[in-house]
Amino acid sequence: MCPSTKIDDAGRQTMVNINNAYRSTLIKGDQLDKNKAKNPTGKNMYKLAWDCDLENGAQAWADACSWGHSTSQQRNGTGENLYATTFPWTNSSAMSKAAADSWWSEATTYWTMRSNNILKWANDSSAGHFTQMAWATTYKVGCGMASCPNLIIGWPQATYVVCRYSGPGNYEGSAVYEPGTPCTCATTLPSTCEPSSGLCVINGLGQITTTEAVTTTKKAVTIKETTKKPVTTKKTTKKPVTTKKVGK
């Protein structure tokens, strides 16, 4: 699928599939917020495709083993989600699922589906990973993974997942998505409705290897890195596994 062998095709496909499954749940009005309320149905949400250029940039940042965001210039203005865990990286597909599930879990942990949350995004780092995954005009994703020693203080070894998104999301004052009827595809980039998901498939967009710039005059909002205590889960060996995430 892409030249890099750091993440395999199964890992790539898992990340795309999970992103699109969650986006479909959102656009169909079946996503719950932290108060167990359902969000409104929506329209004009693209179905994501994998992009090899985004993967290459994300992989280079993961390989640098530096916990924290790249600058907007370093990633050519794309969106970026980060995830780290002490769980060893042995399976790209499992790690893709762990990262995506962790980011999307912010919807039911922090998000309140008030109309202003949907129609006017505010700088809220608590749900910034979720909103980047959910951003309706985002249409491409690419990720990298690396095993990193001493990525975070107190972690002798960590698995680092970096995903980049184009067009980027999380613009102050802009909509995460538009309320409306699923499968309505009056999108900027010509697209066709996929009835099963309610998402809009960009015409002619398959597996691509070049990253097209998305023109915008809006100022991107910086998501602050989390300072919260890392979430601890348990492996089958009963040893604690620590995860940490940050989105921008």
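Just so it is clear, the model here is predicted, and its values are computed rather than measured.

**Q** Give a description of the overall build of the protein that names residues and reports values.
**A** Along the backbone of the protein there are six helices and 10 strands. The contacts in the protein between residues at least 6 apart in sequence include a share of 75% that link residues at least 24 apart. Accessible area of the protein: about 11300 Å², with a carbon and sulfur share of 54%.

**Q** Any details on the packing of aromatic side chains? Residues and values, ideally.
**A** The tally for this structure, following the rule as stated, stands at four aromatic pairs. With a centroid separation of 4.7 Å and an interplanar angle of 80 degrees, the aromatic rings of W104 and F130 are classed as edge-to-face. A residue pair is termed long-range when its members are at least 10 positions apart, and W104 in helix α3 (residues 92–104) and F130 in helix α6 (residues 128–134) qualify at 26 residues. As far as the burial class goes, W104 and F130 line up, both buried. Put simply, the rings of Y22, W104 and F130 touch in pairs and so form one group of aromatic residues.

**Q** I'd like to hear about the state of the cysteines, residue by residue, with values.
**A** For the structure on display, the rule yields five disulfides. The disulfide partner of C143 is C163, and the gap between their sulfur atoms is 2.0 Å. Note on the C143 and C163 pair: the S-S dihedral is about 105 degrees, so by sign convention the disulfide is right-handed. Residue C143 is found in strand β4 (residues 140–149), and its partner C163 is found in strand β5 (residues 157–166); the two are separated by 20 residues along the sequence. Of the residues examined, C143 reaches a relative accessible area of 0% and is grouped as buried. For C163, a relative accessible area of 0% corresponds to the buried category.

**Q** With reference to specific residues and values, describe the nonpolar core.
**A** Considering soluble globular proteins, one finds that nonpolar side chains tend to be buried as a cluster. If you look at the biggest cluster of nonpolar residues, it comprises 35 residues, and the most contacted ones within it are M15, W50, W103, V141, V161 and C163. Secondary-structure elements contributing two or more residues to this core are α1 (9–27), α3, α6, β4 and β5. Among the nonpolar cores identified, the runner-up in size contains 14 residues, and A84, I152, W155 and V162 belong to it.

**Q** I'd like to hear about the side chain of T78, residue by residue, with values.
**A** Turning to its location among the elements, T78 is positioned in the loop between α2 (52–63) and β3 (79–85). Judged by relative accessible area, which is 8%, T78 ranks as buried. Once you skip the residues sitting within four places of it in the chain, T78 turns out to touch L54, R164, Y165, S166 and P168.

**Q** Which residues make up the environment of T25, and what values go with them?
**A** Looking at the element boundaries, T25 is found in helix α1. By relative accessible area, T25 is classed as partly exposed at 29%. T25 sits 173 residues away from G198 along the chain, and the two C-alpha atoms are 9.0 Å apart. Setting aside chain neighbours within four positions, we find T25 in contact with D30 and Q31.

**Q** An account of α3 is requested, with residue identities and associated values reported.
**A** In a regular helix each residue adds 1.5 Å, so 13 residues correspond to 18 Å; α3 covers 18 Å between its end C-alpha atoms and thus fits that length. N-capping of α3 is provided by N91, with a side-chain oxygen placed 2.9 Å from the backbone N of S93.

**Q** Give me the lowdown on the confidence of the model for the protein, citing residues and values where you can.
**A** The share of residues in the protein with pLDDT of 70 or more is 77%, and the mean pLDDT across the chain is 82. Ignoring residues within four places in sequence, the model shows residues 207–241, a span with pLDDT below 50, making 76 contacts including any to other chains.

**Q** Tell me about the environment of N44, and name the residues and values.
**A** Take N44: it is sitting in the loop between β1 (42–43) and β2 (49–50). Other than its neighbours up to four places away in sequence, N44 contacts A136, E178, T184, C185, A186, T187 and C200. Among the polar contacts made by the side chain of N44, one reaches the main-chain amide nitrogen of A186 at a distance of 2.7 Å.

**Q** Just give me the short version of unusual backbone geometry, but keep the residues and values in it.
**A** Each neighbour pair has its own omega, and for S166 with G167 the value is -15 degrees, a cis peptide bond. Inspection of the secondary structure assignment puts G167 in the loop between β5 and β6 (178–179). Positive phi outside glycine occurs at C183, with the angle close to 75 degrees. Relative to the helices and strands, C183 resides in the loop between β6 and β7 (191–194).

**Q** An account of the packing of α1 against α3 is requested, with residue identities and associated values reported.
**A** Contact geometry for α1 and α3: axes closest at 7 Å, N-to-C directions at 25 degrees. Between α1 and α3, the angle falls in the class roughly parallel. Of the two elements, α1 crosses α3, and the hand of that crossing is right-handed. Facing A10, G11, T14, M15, I18, Y22, R23 and L26 of α1, the residues of α3 in contact are S92, S93, S96, K97, A99, A100, D101, W103 and W104.

Calculation rules
Every chain is numbered independently, its residues counted from 1 as its sequence is written. The model is predicted, so local features are restricted to residues of pLDDT at least 70 and side-chain atom pairs to those at 80 or more, both for listing and for counting; the totals for chains, interfaces and linings are taken over all residues. In computing side-chain values, all of the structure's heavy atoms are included and hydrogens and water are not. Numbered from the N terminus, helices here are DSSP runs of H or I no shorter than four residues, and strands are runs of E no shorter than two. Residue contacts follow a heavy-atom distance rule, with two residues in contact if any of their heavy atoms lie within 4.5 Å. With residues, only the protein chains shown are counted as cover, and all accessible areas are computed by Shrake-Rupley using a 1.4 Å probe. Two rings belonging to Phe, Tyr or Trp (six-membered ring only in the last case) form a pair when the distance between their centres is within 6.5 Å. Interplanar angles under 30 degrees mark stacking, angles over 60 mark edge-to-face geometry, and anything in between is tilted. For the exposure calls, accessible area comes from a 1.4 Å probe over protein chains only, and a residue counts as buried if that area is under 20% of its type's maximum, exposed if over 50%, partly exposed in between. A pair of sulfur atoms, both from cysteines and within 2.5 Å, is called a disulfide here. To define a nonpolar core, start from buried Ala, Val, Leu, Ile, Met, Phe, Trp, Tyr and Cys residues and group those joined through side-chain atoms within 4.5 Å. Every helix has an expected span of 1.5 Å times one less than the residues it contains. Polar contacts, as counted here, are pairs of nitrogen or oxygen atoms within 3.5 Å of one another; within protein the pair requires one atom able to donate a hydrogen and one able to accept it, and residues that are adjacent in sequence qualify only if both atoms are side-chain atoms. Residue-level confidence of the predictor is summarised by pLDDT, bounded by 0 at the bottom and 100 at the top. Between N-to-C directions, angles cover 0 to 180 degrees, with each direction set by a line fitted to C-alpha atoms, over the stretch in contact for helices. Roughly parallel refers to an angle under 35 degrees, roughly antiparallel to one over 145, roughly perpendicular to one between 65 and 115, and oblique to any angle outside these ranges. Crossing handedness: left-handed means the near helix sits turned counterclockwise from the far one by under a right angle, and right-handed means the same turn made clockwise.

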